[in-house]
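Structure assessment
The lines below spell out each chain.
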Amino acid sequence: MAALAQRTDAALSAEPEDGTLVSAALRGDSEAFATLVRRYERPVYHIALRTLKDAEEARDVAQEAFFKAYRSLRTFRAGAKFSTWIYSIAYHACCDRLNRRKRFSDDALPESADPGPGPEVTAIALEEAQRLRDAIALLPEKYRIVITLYHLQGRQYDEIAAVLGLPMGTVKTHLFRAKELLRRLLGRSMQ
Amino acid sequence: MKLDDDAIERALAALPLEEPPPDLHASILAATVYRPAPLFSVAEVVAGASVAAALVWIAIVMATQIAGTLAAALSNLQLLAWVGTGIAIATWLNLFTISQPAYAVPQRAKGRVKP
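Quick look at the structure, then. (Residues numbered from 1 in each chain as written. Chains lettered and ligands numbered in written order. Predicted model: local features only at pLDDT ≥ 70, side-chain atom pairs only at ≥ 80, totals over all residues. Heavy atoms only, no water.)

Of regular secondary structure, chain A possesses 10 helices and zero strands. Each helix and strand of chain A, ordered N terminal to C terminal, gives the series α-α-α-α-α-α-α-α-α-α. For chain A, the accessible area works out to roughly 9,600 Å², and carbon and sulfur atoms hold 52% of it. (Helix = DSSP H or I, 4+ residues; strand = E, 2+ residues; numbered from the N terminus. Areas by Shrake-Rupley, 256 points an atom, 1.4 Å probe, with all protein chains shown as cover.)

Moving on: the overall build of chain B. The number of helices and strands found in chain B is five helices and zero strands. Along the chain direction, N to C, the helices and strands of chain B fall in the order α-α-α-α-α. With 115 residues in all, chain B has 16% of them scored as buried. (Buried < 20%, exposed > 50% of the residue type's maximum accessible area, 1.4 Å probe, protein only.)

It is worth spelling out the nonpolar core at this point. All names here are of chain A. In terms of nonpolar packing, the biggest core is built from 66 residues, with Val44, Phe82 and Leu149 touching the most fellow members. No other element matches helix 3 (residues 30-52), which puts 12 residues into this core. Residue-level mapping places this core at the junction of two domains, with at least three residues from each of domain 1 (16-110) and domain 2 (119-191). Residues contacting Phe82, with those up to four places away along its chain left out, are Asp18, Val22, Leu36, Tyr40, Leu73 and Phe76. (Core = buried A, V, L, I, M, F, W, Y, C linked by side-chain atoms within 4.5 Å. Domains from an automatic or database assignment. Contact = heavy atoms within 4.5 Å.)

Below, the discussion takes up the interface of chain A and chain B. The partner chain B presents 27 residues to the 37 residues of chain A that form the contact. Of all residues in chain A, A:Arg42, A:Arg59 and A:Arg183 bury the most surface against chain B, accounting for 19% of the area lost on that side. In this structure, the connection of chain A to chain B is made through five salt bridges. Of the charged contacts in the structure, one is a salt bridge between A:Arg42 and B:Glu19, with a shortest N-O distance of 3.0 Å. Counting across the interface, chain A meets chain B through 13 residue pairs in polar contact (both at pLDDT 80 or more). (Buried area = accessible area lost by both parts, 1.4 Å probe. Salt bridge = Lys/Arg side-chain N within 4 Å of Asp/Glu carboxyl O. Polar contact = N/O pair within 3.5 Å; in protein donor to acceptor, adjacent residues only side chain to side chain.)

Turning to the packing of helix 3 of chain A against helix 2 (residues 24-31) of chain B, a few remarks are in order. Axis angle and axis distance: for two packed helices, these are the angle between their axes and the distance between the axes, and together they describe the pair. Following both chains from N to C, one finds helix 3 of chain A and helix 2 of chain B inclined at 125 degrees, their axes separated by 10 Å at the closest point. The orientation of helix 3 of chain A with respect to helix 2 of chain B, classified from their angle, is oblique. Relative to helix 2 of chain B, helix 3 of chain A is oriented so that their crossing is right-handed. In contact with A:Ala34, A:Val37, A:Arg38, A:Glu41 and A:Tyr45 of helix 3 of chain A, helix 2 of chain B contributes B:Leu24, B:His25, B:Ile28 and B:Leu29. (Axes fitted to C-alpha atoms, helices over the stretch in contact; angles between N-to-C directions. Parallel < 35°, antiparallel > 145°, perpendicular 65-115°, else oblique. Left-handed = near helix turned anticlockwise from the far one by under 90°.)

Below you can see the structure in the form of structure tokens.
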């Protein structure tokens, strides 16, 4: 996880910092905002895809998140992390969609891991990464987002807590339970 | 895959992020920095809508008053009788004036000069 963070840091070191880009974008530099989009579109899409489990909706949410960020760029606090801010916007956009789904659909959202066959069974034949993705997709939403952000952010619990608006203790608990569930799901898929 | 805590963390770290759709970047930019500026500002839209609303309100008030006056007039029998009488007289008088051909007078005059 730390390696991922280091890779990301190394990749970003050559480019200007997020705060600088935000200031430039506020001055009307469209290329600066385009750089921010290039830097964060993938993780934002990733959060949306993991949370919503629908590629088309994930794409819409990614676009919506950047649109909201662009519109309210002036409210971005200097010194804050742009990544935390944009992830938070994306996560809340996902929550809105999930709530709408709950309201307009009779299909209940998976609140617990599906014990039956289905994606797990098919995942046995797939690569480890695919098996892990399938297992993550089976997690309840609150655990799935914590695992996703943990995957993106490394061990930065405080950032995950800031994105989700949860106490850090809750984040740690969710993460612990998410890993437990993952372990059980992966164990089952290997049998 | 060994299923201890470290193994799961290693697997998570090694898990590649899903590729976003190829046109996502372009669509985000089209919705943000390259979005065409609106034709009217918010203040202009608000001002225009206020003027339009005021005009509609005045039109409705005027139409209501005219309709009220007409309704009152039509419900007054004495007034209707007078109006009916007036129309009848006007029609009767028209029978004598309009029914005469316009060229009748010059023809008669012509006849008197040359018997």
